[in-house]
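Take a look at the letters that make up each chain.
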Amino acid sequence: MTFHEDELPPERLSHNRALHTIVQLEDKFIARVLKDRGSSLNICPLTTLKRLGKGLHAIRMRSINVKAFAGSQRATDGEINLSLQMGPTWFDVEFQVLDISTTYNLLLGQPWIHAARAVALTLHQPVKFE
């Protein structure tokens, strides 16, 4: 699998942007979806669910403890499965729901990256699939 020079962002190697993408959920597009190889969970902030018109009834009650970047721990509000389209492919993704303030609308972590058999290259920013 290779990545080509034309896939580099306009600022070439000096960029410092996060690995964000846009996905489709039903008839809505969700921007600022962060792909994070270092996260052991897929995270959906509660605010994102509300903007998508998903009610709290859609959340399955399953609370797990999550450790934040600063070392603090908190329980999730539950989990939800969402079908997302990225490129031509649809993915059923299980997200842990947290009532937190974030700079992203969804976080796709290792569970999604491994299930999708994807390669996320931080230098070039794109994601390639097998």
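The shown structure was predicted, so the numbers you read here are calculated from the model rather than taken from an experiment.

Caption draft 1: Broad picture of the pattern of salt bridges. Inspection of the entire model under this criterion finds five salt bridges. Measuring nitrogen to oxygen at the nearest pair gives 3.2 Å for the salt bridge that ties Glu79 to Arg60. One end of the pair, Glu79, is in strand E6 (residues 78-86); the other, Arg60, is in the loop between helix H1 (46-51) and strand E4 (65-67), and 19 residues separate them in sequence. By relative accessible area, Glu79 is classed as buried at 7%.

Caption draft 2: Representation of the nonpolar core. Counting 23 residues, the largest nonpolar core has Leu49, Leu82, Leu84, Phe95, Leu106, Leu108 and Trp112 as its most contacted members. Counting only elements with at least two residues in this core, the list comes to strand E1 (20-25), strand E2 (28-35), H1, E6, strand E7 (89-98), strand E8 (106-108) and helix H2 (110-115).

Caption draft 3: The arrangement of the side chain of Gln85 in detail. If you trace the backbone, Gln85 turns up in strand E6. Ignoring any residue separated from it by four or fewer positions in sequence, one finds Gln85 in contact with Val23, Gln24 and Trp90.

Caption draft 4: View of the side chain of Asn42. Relative to the helices and strands, Asn42 resides in the loop between E2 and strand E3 (43-45). Reaching out from Asn42, the side chain makes a polar contact with the backbone oxygen of Glu94 at a distance of 3.2 Å. Within the local environment of Asn42, its side chain forms a polar contact with the backbone nitrogen of Gly109, the two atoms lying 2.9 Å apart. Once residues lying within four places of it in the same chain are set aside, the contact partners of Asn42 are Val93, Glu94, Phe95, Gln96, Leu107, Leu108, Gly109, Pro111 and Trp112.

Parameters at a glance
Residues numbered from 1 in each chain as written. Predicted model: local features only at pLDDT ≥ 70, side-chain atom pairs only at ≥ 80, totals over all residues. Heavy atoms only, no water. Salt bridge = Lys/Arg side-chain N within 4 Å of Asp/Glu carboxyl O. Helix = DSSP H or I, 4+ residues; strand = E, 2+ residues; numbered from the N terminus. Buried < 20%, exposed > 50% of the residue type's maximum accessible area, 1.4 Å probe, protein only. Core = buried A, V, L, I, M, F, W, Y, C linked by side-chain atoms within 4.5 Å. Contact = heavy atoms within 4.5 Å. Polar contact = N/O pair within 3.5 Å; in protein donor to acceptor, adjacent residues only side chain to side chain.

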